[in-house]
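Here's the letter readout for the chains.
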Amino acid sequence: MDKFSRDEIDAGQHLFTGEWRFTAAAGSAVSLPPMRGMEIAFTGRSNVGKSSLINALTGRKNLARTSRTPGRTQELIFFSGGGRLNVVDMPGYGYAATAKSKIAAWTETIHAYLRGRANLARIYVLVDARHGLKPADDPMFDVLGHAAVSHQIVLTKCDEVKPAELAGRIAEVEAALAKRPAAYPTVLATSAHDGTGIPELRAAIARLLEERKR
Ligand SMILES: Nc1nc2c(ncn2[C@@H]2O[C@H](COP(=O)(O)OP(=O)(O)O)[C@@H](O)[C@H]2O)c(=O)[nH]1
Ligand SMILES: [Mg+2]
């Protein structure tokens, strides 16, 4: 796991202090909003904790509506805090009951988004710390690799696993990443429920935006 300086932690906190609000939703390629500032996007299997993590990052309890029904969010949802950074909640995947037609529409929208988004700094692929990587994650990593979009794994729900199990899960996921050279080699461990890793994830995003400036 990466280490962050006090300055980077502060910069991360500052990055998320705005009044975060919903700005747009896109359920198809044509409805994508115009590019503005920089974007980071969150993806992962349905129910992995995307909306909860966005709420924790932005400090807004109900910004990204958390849902107990997997597979409900079928659109890309855009949020802004009024500054340079925009956050995108991507539709979840890997939900067995999803109709084939919906998967096709989802795939088309995601591909269009990844192909045409010059201001997309990184995709964070969320993985449940209790379960690790699953075959359902493979298509997303394949798409990200092909599109050459910068991406990194964030473990979610770390409050649910004991420290020794978490260390093992991190090692296991980072070992799997060695076979995916397009992916960032280290993971970030978070919990939206107890706040673990949230300052570090904010700092990682602040560092990323600094790198993008140069
Ligand atoms: N224990 C624990 N549960 C979480 C955490 N984050 C999300 N959840 C739960 O996981 C479920 C799905 O969360 P949600 O954010 O809606 O997932 P999404 O489908 O990926 O957007 C909800 O019941 C959340 O309460 C976490 O950090 N810890
Ligand atoms: Mg959600």
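The structure contained in this document is the topic of the report that follows. (Residues numbered from 1 in each chain as written. Chains lettered and ligands numbered in written order. Predicted model: local features only at pLDDT ≥ 70, side-chain atom pairs only at ≥ 80, totals over all residues. Heavy atoms only, no water.)

Once that is clear, we can look at the overall build of the chain. Within the chain one finds six helices and seven strands. Each helix (α) and strand (β) of the chain, taken in turn from the N terminus, gives the series α-β-β-α-β-β-α-β-α-β-α-β-α. For the chain, whose C-alpha radius of gyration is 16 Å, the value lies close to the compact-globule estimate of 17 Å for 214 residues. For the chain, the spread of C-alpha atoms along the principal axes amounts to about 45 × 35 × 35 Å. Looking at the chain alone, contacts between residues at least 24 apart form 77% of all its contacts between residues at least 6 apart. Surface exposure of the chain reaches about 10700 Å², of which carbon and sulfur atoms provide 53%. A gap of 5 Å separates the mean positions of the 29 positive and 22 negative side-chain charges of the chain. (Helix = DSSP H or I, 4+ residues; strand = E, 2+ residues; numbered from the N terminus. Rg over C-alpha atoms; globule rule 2.2 N^0.38 Å. Contact = heavy atoms within 4.5 Å. Areas by Shrake-Rupley, 256 points an atom, 1.4 Å probe, with all protein chains shown as cover. Lys, Arg positive; Asp, Glu negative; His and termini not counted. Charge placed at Lys NZ, Arg CZ, Asp CG, Glu CD.)

To continue, consider unusual backbone geometry. Positive phi, normally seen in glycine, also occurs at N47, with a value near 80 degrees. For N47, the location among the structural elements is in the loop between β2 (38-44) and α2 (50-58). Residue N47 is classed as partly exposed on the basis of its relative accessible area, which comes to 42%. Phi at A148 is positive, roughly 55 degrees, even though this residue is not glycine. Note on placement: A148 falls in the loop between α4 (138-147) and β6 (151-156). (Buried < 20%, exposed > 50% of the residue type's maximum accessible area, 1.4 Å probe, protein only.)

As a matter of local geometry, ligand 1 sits amid 15 residues, with N47, K50, S52, D159 and A192 nearest to it. Note that an oxygen atom of ligand 1 is positioned 2.9 Å from one of the backbone N or O atoms of G49. At 2.8 Å from an oxygen atom of ligand 1 is found a main-chain nitrogen or oxygen belonging to A192. (Near = heavy atom within 4 Å. Polar contact = N/O pair within 3.5 Å; in protein donor to acceptor, adjacent residues only side chain to side chain.)

A few words on the environment of T43. Tracing the sequence through the fold places T43 in strand β2. Owing to a relative accessible area of 0%, T43 belongs among the buried residues under this scheme. Residues T43 and V87 lie 44 residues apart in sequence; the distance between their C-alpha atoms is 11 Å. The residues touching T43, leaving out its near neighbours within four places in the chain, are K50, M90, P91, Y93, I123, Y124, V125, L126 and M140.

Two numbers describe how helix α3 (residues 100-116) lies on α4: the axes approach to 10 Å, and their chain directions differ by 30 degrees. One way to sum up the angle between α3 and α4 is to call them roughly parallel. With respect to the hand of their crossing, α3 and α4 are arranged in right-handed fashion. Across the interface between the two elements, W106, I110, H111 and L114 from α3 touch M140, V143, L144 and A147 from α4. (Axes fitted to C-alpha atoms, helices over the stretch in contact; angles between N-to-C directions. Parallel < 35°, antiparallel > 145°, perpendicular 65-115°, else oblique. Left-handed = near helix turned anticlockwise from the far one by under 90°.)

Another point: α3. Over its 17 residues, α3 extends 25 Å from the first C-alpha to the last, a length consistent with the 24 Å expected when each residue adds 1.5 Å. Residues of α3 that are buried: W106, T109, I110, A112, Y113 and L114. In this structure, the buried residues of α3 make contact with β1 (21-26), β2, β3 (76-80), β4 (85-89), β5 (120-128) and α4. (Expected span 1.5 Å × (residues − 1).)

We now examine the pattern of salt bridges. Summed over the entire model, instances satisfying the criterion amount to nine salt bridges. Among the ionic pairs, R169 bridges to E172, the shortest N-O distance being 3.2 Å. With R169 and E172 both in helix α5 (residues 163-177) and three residues apart, this pair spans about one turn of that helix. Salt bridges sharing partners connect three or more residues here, namely D128, R130 and K157. (Salt bridge = Lys/Arg side-chain N within 4 Å of Asp/Glu carboxyl O.)

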